[in-house]
Amino acid sequence: MSAAPDDRADLREPNPTGDRSEQTDAALEESTGEKSGTTTSGLDVAILPLRNVVLFPGMVVPLTIGRPAALKLIDDELPENKQLGLVTQRSENQEKPTTDDLYPVGVLAQVLKLVRHDDGTAVLFVQAQQRIKIVEFHQVEPYFRARVADLLTVKPDTENKELEASFNNLKQAAGKLLDLSPDIPEQARAVLANVANPEQLADLLSGNLAIETSVKQGILEEPDLLRRMRLVQEALQRQIEIAELQQKLRQDVEGHFSDSQRRAYLREQLHAIQRELGEEEPGDEEQVAQLRKKLTDAGAPPPVMEVAEKELKRLAHIPSASPESSVILSYVEMLADLPWSKQTDDHKDLGKAQEILDRDHFGLEKVKRRIVEFLAVRQLNPEGRSPILCFIGPPGVGKTSLGQSIADALGRKFSRISLGGIRDEAEIRGHRRTYIGAMPGRIIQELRRLGTRNPVLVLDELDKVGADMRGDPASALLEVLDPRQNNAFVDRYLDVPFDLSQVIFIGTANYIEGIPAPLRDRMEMIAIPGYTETEKLRIAQQYLVPRQLQENGLKPDQFRFSDEAILAIIQEYTYEAGVRDLERRIAAVCRSVAAEIAKGVHADGLEASASYVRGILGNAARSVREQRLTDNLVGVVTGLAYTPTGGDILFIEATRYPGKGGLMLTGQVGDVMRESMQAAYSLVRSRAKQLDIDPKAFAESDVHIHVPSGAVPKDGPSAGVAISTAIASLFSGFPVRSDVAMTGEITLRGAVLPIGGLKEKSLAALRAGVDLVLFPKANEKDLEEVTPEAKQRLQFRPVSTIDEVFNEALLKPQPQTSAD
C-alpha cells in the first residue's frame, strides 16, 4: 500500500467489469435521485481537475498546483471559500481539459493549508470529505464551476452476512499484503486494526493501493457498497499475487548468493563496465596509498598525519558503497589538499613595491608609506607577527585594489572574501562533519584553492557582517585576526590546528562604527579619504580614461578627453567621494564615440569638449555648484555630515507658526539627532536676550525642524551647531550666510564639542562650493589631515562657543550712525 497518491500513475483504462460506463451512469442517476435523499443537491463549488490522482473520502494529501487555471482558482476562491470539488481528468496529457475530459464523479474537499513557492507554484493541503457527482457545469473560464450533488452510498442492512464476510476478507487480505511488503511502516497495521466501518475500510484501501487510475475511479464511482468492496477485494488480490511473486524471486536469488558473494559479483561487474568505458577508478588500496603520498608531499605536521592515518584505517574497513566512506574520503582529501608547508617567496625590493603602488594608485601618500613600512618589517622579520591592517573609507577610493597591489608588491597570491551580509558563524569556522554536506569555512577553502599558506586575503565589507541565531561571524573573526592566536586556528570541519600566521589579512570597511569594538581592537585602522576634484581629474587622466579607451576598442589617436570635459563630468554628473560613478560616465562617452567611429564618423580623430560630453550625457544629473544655498535665508542652515559614502552636506530647515510652544522634528532623524534638536531649542531659548528675541515668542509659537532627503536615515550629534543656528535665525529674523557650512556638537552651556570626519566633511564643503567652514576648536589638530586643495579654497574657522557661531553665521543689521 502507498501512503500518498502516485503522481506518475499509469493512465491506461482497462474495463475489468465489462461496459462499466453505462452501468455507472445508471447507478449514479439512481444514487443522486430522490430515492437516495441527496443532501448537497444544488451546491455550487469550484472544480479543480487532478492528474494521475484519485482521492477518496478521509484522505489528507498535498496537491501541487502549477497550471494557470488552477492558480487562478486558488487566487479567487481562497481563503473565502475553503471547499473545492476535486475531479480526476481522463488523460494526464491534457494540459487544458474540457468538461468532457473530466470524470463525472469526484470528492468534495476541505482546504487545510496553502503554501506558495517562489517559482509561482503552490501546494494545497486538502482533506477529502464525501463523494460528489457533477450535475451541471455553469462556468468553464478561467476555471470550472459546477453544481454538484452527493453521491450516496447504497448500504445493505447492518445484519447482512455478506457485508460482514466482505469486511473480514478485506481486513485479512490487507494484513497479508502488509506482511509481504517490508517497506510499509508498522503504523499502517495499527491504522488498519482500528477501522471498524466497512465503507471507511474500502476507501482507505482504495486510496493507498498502487493500482491504475481508471480502476481507482471505477471504485470511487460505484455507489453500491457490496459491489465496491468486491472491486477493492479484486484489486487487493492482484497486489498480493504480485507481492508473493516478488518475495519468491528474492528468496530464489538469496538462496544462490550470500550477501558478500552478491556484493563481490556486482562490484566485479561494475569494474568491468568501467574498464570498457575507460573510466576505471583506482582500487581502495591504491586510493589510500595516493592519499598518504599527498599528505606526505603537503608536509602535514605529525598531529595531522595521526588523524589522517586513523581515518584511512577506518576507510579500509568500510565498504566503498557506504555513505560514511565518501565522508571520510572527502575529509582526508581536504587534509591532503591544504598547503601545510607550501608558500611563495616574498619579493625583497621595496623600490619595486613603491613603484607598483604608484602605478596602481594616485595620491594616498600616507597610506602608501604605511604599506611600505609594513612590507619592510615583514622583510626584516619574516617570522614576526605582523599587524592586521584595515582600510576605512567611502566606496570607490581603492580599498580592495590596495590589497591586490600589496600582493603584487610581495609576489604573493591574492584572494578577496566578501563578508557583506553573512550571518552564519560556520562561514568562518566551518561545519562539523556530523552534518550532511559539511564543508570548511571560507578561509580554509580559499587557502586550498590558492595552494599556498601565505597569501594576501582581503576581508571585504567588515562593517556589514550580520548576526542571528546561527551565530556571530564577527566573533569568529576575533581568533582569525589575532596574530597571537591564529597560528593554531581550528576549523570545525578539519578539527586540527592550521597555522594562519603567515597569511596577510587586510580588512576593508566603509564605516568604522559598523565594526564591533573587540574586532577593531585587533586591527590597525588606516583611513582612506575621498578625492578632491583635482585628484579626480588626475586619476581620470592617468587611469580611468586609458582603461575605458582600451575596453571600448578605441585608440589614443582616435579619441581623447580634454581637461574641461573631464571636469564637466566631475562637477555636473557625479557627486561622490570615490571615482566609480566618474568611470561609468567616462565609459558612457567612450561607448557613444565608439559607435560613431564604427559608422565612419570622426575618421580624423576627436577631442571631447565639455559641450560634447553634455550632448552625450544629457542634462546635468547634479551640479555641485548648485548644492550650496544661493540666497541668505532665515531659518535655513548648511550643515556637514559624515556618511559611509564619505562627507556630505545637509540642510537644516526651521519654521514656526502660532501655537503653544510645541516642537516637531522630521526628516527620519535618529534618537541622538532628535535629542540634539531639543538641546538646541533649549539653548536658543536661554539666549533669547542676547539675540534680541522676545521670550514670549517661544510660548506663542510651535516650531517645526526638518532635515530634507527624508528617505535617508540621519543620526549623530554633530549637527547641533547647525540646528541651533537655524532656530536662532528663525526667532531673531536674522538671515544665515549661504556661503557658510558648519559642524559641531553643542551643550546646554553653549560649548561646541569636537566631532569626527573633519577631512571628509571638508571635501563635501569643497564639492558644494561653500567658502567658510565653522568647526570645533578642539578639532584644530585634525586640520593636518585636510587636503591642501581644501585648505587653499576654503576658510576654516575654529569655534569654541555657540555665540561665536552666531556671530559668524547670522547676518545682523549694522547699527546706523547719525552725522552731526
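Residues numbered from 1 in each chain as written. Predicted model: local features only at pLDDT ≥ 70, side-chain atom pairs only at ≥ 80, totals over all residues. Heavy atoms only, no water.

The subject of this paragraph is the overall build of the protein. Scanning the protein from terminus to terminus reveals 28 helices and 24 strands. Taking all 820 residues of the protein together, 47% fall into the buried category. A sequence separation of at least 24 residues applies to 75% of the contacts in the protein between residues at least 6 apart. (Helix = DSSP H or I, 4+ residues; strand = E, 2+ residues; numbered from the N terminus. Buried < 20%, exposed > 50% of the residue type's maximum accessible area, 1.4 Å probe, protein only. Contact = heavy atoms within 4.5 Å.)

On to the pattern of salt bridges. Throughout the structure, instances matching the rule amount to 42 salt bridges. For the salt bridge of glutamate 425 with arginine 429, the shortest nitrogen-to-oxygen distance reads 3.1 Å. Comparing glutamate 425 with arginine 429 shows no difference in burial state: the two are buried. The partner of arginine 793 in a salt bridge is glutamate 789, with the nearest N and O atoms 2.9 Å apart. (Salt bridge = Lys/Arg side-chain N within 4 Å of Asp/Glu carboxyl O.)

Next up on the list: helix 19 (residues 533-551). At alanine 540, helix 19 shows its largest kink, close to 50 degrees. Residues of helix 19 that are buried: Glu533, Lys536, Leu537, Ile539, Ala540, Tyr543, Leu544, Val545, Gln548 and Leu549. Each element contacted by the buried residues of helix 19 is listed here: helix 12 (350-360), strand 14 (559-561), helix 20 (563-573), helix 21 (580-598), helix 26 (758-768) and helix 27 (788-793). At the C-terminal side of helix 19, glycine 553 shows a positive phi close to 75 degrees. (Bend = angle between axes of the 7 residues up to and from the residue.)

Strand order in the open sheet made by the five strands is 8-9-12-7-13, with parallel pairing throughout. Each edge of the open sheet is held by one strand with a lone partner, namely strand 8 (414-418) and strand 13 (523-527). Taken over all neighbouring pairs, the strand axes of this sheet differ in orientation by 25 degrees on average, direction set aside. Summarising the sheet, strand 8 and strand 9 (residues 456-460) pair through five bridges and their orientation is parallel. Within the sheet, the bridge partner assigned to serine 418 lies in strand 9 and is aspartate 460. Its contacts with the sheet place helix 16 (residues 442-450) against strand 8, strand 9 and strand 12 (504-509), and it is angled at close to 155 degrees to strand 8. (Pairing = 2+ DSSP bridges. Axes fitted to C-alpha atoms, helices over the stretch in contact; angles between N-to-C directions.)

Helix length check: helix 11 (residues 323-337) (15 residues) gives 22 Å between terminal C-alpha atoms against 21 Å at 1.5 Å per residue, within 8%. Within helix 11, burial applies to Ser325, Ile328, Leu329, Tyr331, Val332, Met334, Leu335 and Ala336. (Expected span 1.5 Å × (residues − 1).)

For the pair helix 3 (residues 161-180) and helix 5 (residues 198-208), the least separation of the axes is 10 Å and the interaxial angle reads 35 degrees. When you trace helix 3 past helix 5, the crossing you get is left-handed. Here Leu163, Phe167, Leu170, Lys171 and Ala174 of helix 3 come into contact with helix 5, specifically with Pro198, Leu201 and Leu205. Here the residues of the contact of helix 3 with helix 5 sort into seven nonpolar, no polar and one charged. (Left-handed = near helix turned anticlockwise from the far one by under 90°. Nonpolar A, V, L, I, M, F, W, Y, C, P; charged D, E, K, R; others polar.)

This brings us to the environment of leucine 537. Relative to the helices and strands, leucine 537 is located in helix 19. With 28 residues separating them in the primary sequence, leucine 537 and alanine 565 have C-alpha atoms 10.0 Å apart. Among all residues touching leucine 537, those that are not within four sequence positions of it are Asp563, Ile566, Leu567 and Ile570.

It is worth spelling out the packing of aromatic side chains at this point. For the structure shown, the criterion picks out eight aromatic pairs. Relative to phenylalanine 498, the ring of tryptophan 340 has its centre 4.9 Å away and its plane inclined at 50 degrees; by these criteria the two rings are tilted. Highlighted residues: tryptophan 340 in the loop between helix 11 and helix 12 and phenylalanine 498 in strand 11 (residues 497-498), separated in sequence by 158 residues. We classify tryptophan 340 as buried; its relative accessible area is 9%. The exposure class of phenylalanine 498 is buried, given its relative accessible area of 2%. Ring geometry for tyrosine 511 against tyrosine 642: centres 6.0 Å apart, planes inclined by 35 degrees, an arrangement best described as tilted. On the criterion of sequence distance, the pair formed by tyrosine 511 in the loop between strand 12 and helix 18 (517-520) and tyrosine 642 in strand 16 (residues 636-643) is long-range, its members being 131 residues apart. With relative accessibility at 28%, the residue tyrosine 511 sits in the partly exposed group. Tyrosine 642 gets classed as partly exposed once you look at its relative accessible area, which sits at 24%. (Phe/Tyr/Trp six-rings, centres within 6.5 Å; stacked < 30°, edge-to-face > 60°.)

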